[in-house]
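Residues per chain are reported as follows:
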Amino acid sequence: MACWKEIRSSSWIYPTLVLCIYGFFSMMRPSEPFLTPYLTGPDKNLTIDEVTNQVFPVWTYSYLVLLFPVFLITDYLRYKPIIILQGLSFIITWLMLLFFQGVLAMQWMEFFYGMVTATEVAYYAYIYSVVSADHYQKVTSYCRSITLVSTTVAAVLGQLLVSLAELSYFYLNAISLASLSLAFLASFFLPMPKKSMFFHKNHIPETPQGTMGQDTRSNAPTINEQPSCQEDKDVAKSSVVSRTLTQCQSDKHPCHMLVQLCKDLKECYCTKKLLYWSLWWALATAGYNQIVNYIQVLWDDRAPSQNYDIYNGAVEAAATFLSSVTSMAVGYVKINWDLSGELALGIFSALDAGSLFLMHFTTNIWACYASYLVFKSCYMLLITISTFQIAVNLSMERYALIFGFNNFVALVIQTIITVVVVDSRGLGLKIVTQFLIYGSYFAVIAGIFLIRSIYTIVSIQCKKETRNFSNGSQNIREQESETRL
């Protein structure tokens, strides 16, 4: 009891513990790697075309519609109510998944899952409103790690129950519902924050420059060098990006705050470096979300679950583990990302494109599994680098603003891809053809950043040679002057 009282009285341990409990049980969903086999199996009896072209696209549309208003409401209501709403949306989603039938019911299920993903921002932003800046790095590590651990454990558990215990997908979803119910209950024990990032913030900012609630930033190396490219020297010279959001004077009206957010957003994107990294973030995240949303459909096409043993859970667990390793490795790599970052974006985006092309052309399920591992690991590596490069010169408030806007742009791009390529009212392409489109999409991204990086490197080299030539000519003239004297 004394230990529990000490935890409750702590300014950061209790909310971090409760949030980690919520994060663990909300991610403990062993049925998720087997969603497509469940929908196309005897429990729901949907066809693969209905799942691909009519059910799954609804998630993208609902996520897009809900993301922006939820982003603002989350801050205005100070996070906890939105976390509770997420827990409730989880329960509704899995109740519909278990007990409702038909395409229309599954479309509504996807709508509520869109609510789940739109409200996810509350989980990651909540903790920074209840703990001091001194503990940001520690609590970020805990909250991020617990979700990775839970996702891996859930995938392994699901695979073991399917492969060894031969448990039906229905009972896997029942286990997921029980876990989500525990998460929903845990959300009520979270303390209500007294402040938020935008609408209820303190006048004296608590967050030091460069501190941000991302575990990737705490692991990433500090870049002390000045930007190597002349065109990016505005990063070092501009004080716009490094200062915090302008405090609202006496006017705290939401409309005034929205106007201020728009001004800050415009100022942030005036920086070329941040603009290029944000461009990759939006383009790649749109493609990544599309792949993750439809990868199970491709696997089911290559090895139908009714005829083959499937290992979706094992693959997802391995992908999560490899992604964690690659993300952590970024923190130990000593590279001038200002110079080499765009080249890395181009090279690893090309690897992503290659893995997607392999998924299209091969009929071997194991090759598809291996390609997915490569794809996800490369994306997670790059998104970690991109996160640090964007956040390193921003206050926490501006980082949150850029993060939200980049994700919104990514979702708009993903929605366009879904409408044109996937939706039955668009082209409604078969899943194999879709992956040819996705591979071409990432090839275009790779081409953009490879060309950009080559241009940057050549420009720097030419400037160095010009500078060396000028210095050499000056030295010769000085020597000739000394000789005459």
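Every value quoted in this text rests on a predicted model; they were computed, and no experiment measured them. (Residues numbered from 1 in each chain as written. Predicted model: local features only at pLDDT ≥ 70, side-chain atom pairs only at ≥ 80, totals over all residues. Heavy atoms only, no water.)

*Asks:* Explanation requested: unusual backbone geometry in the structure shown.
*Replies:* Excluding glycine, residues mostly have negative phi values, and the peptide bonds linking residues are mostly trans. For Asn45, which is not glycine, the phi torsion reads 55° and is therefore positive. When you line up the elements, Asn45 lands in the loop between α3 (35-40) and α4 (48-76). Its relative accessible area of 58% is what places Asn45 among the exposed residues. Notably, Tyr79 is not glycine yet its phi reads approximately 75°, a positive angle. (Helix = DSSP H or I, 4+ residues; strand = E, 2+ residues; numbered from the N terminus. Buried < 20%, exposed > 50% of the residue type's maximum accessible area, 1.4 Å probe, protein only.)

*Asks:* When you look at the confidence of the model for the chain in this model, what are you seeing that I'm missing?
*Replies:* The predicted coordinates of low-pLDDT regions are not to be read in fine detail. Model confidence for the chain is summarised by a mean pLDDT of 82, while 80% of its residues fall at 70 or above. Low pLDDT (under 50) marks residues 203-251, which in the prediction has 112 contacts with non-local residues, meaning those over four places away or in another chain. (pLDDT = per-residue confidence, 0-100. Contact = heavy atoms within 4.5 Å.)

*Asks:* Could you clarify how one ought to interpret the packing of aromatic side chains in this entry?
*Replies:* Between two aromatic rings, the relevant description is the distance of the centres plus the angle of the planes. Applying the stated criterion across every chain yields a total of 25 aromatic pairs. Relative to Tyr169, the ring of Phe34 lies with its centre 5.7 Å away and its plane at 20°, an arrangement referred to as stacked. In this pair, Phe34 sits in the loop between α2 (13-27) and α3 while Tyr169 sits in helix α9 (residues 169-187), placing the two residues 135 residues apart along the sequence. Comparing Phe34 with Tyr169, the two get one shared label, buried. With 5.4 Å between their ring centres and 70° between their planes, Phe435 and Tyr438 make a pair best called edge-to-face. (Phe/Tyr/Trp six-rings, centres within 6.5 Å; stacked < 30°, edge-to-face > 60°.)

*Asks:* Would you explain the side chain of Thr36 in this entry?
*Replies:* By the secondary structure assignment, Thr36 is in helix α3. Not counting residues within four places of it along the chain, the set of residues in contact with Thr36 comprises Ile48, Phe56, Gln296, Val297 and Asp300.

*Asks:* Would you explain the pattern of salt bridges in this entry?
*Replies:* Side chains that carry opposite charge are capable of pairing whenever their charged atoms lie near each other. Overall, the coordinates contain six salt bridges when judged by the stated rule. Across the pair Arg29 and Glu32 runs a salt bridge, and its minimum N-O distance is 2.8 Å. Across the salt bridge formed by Lys430 and Asp49, the nearest N and O atoms sit 3.2 Å from each other. One end of the pair, Lys430, is in the loop between α17 (396-422) and α18 (431-484); the other, Asp49, is in helix α4, and 381 residues separate them in sequence. By relative accessible area, Lys430 is classed as exposed at 52%. (Salt bridge = Lys/Arg side-chain N within 4 Å of Asp/Glu carboxyl O.)

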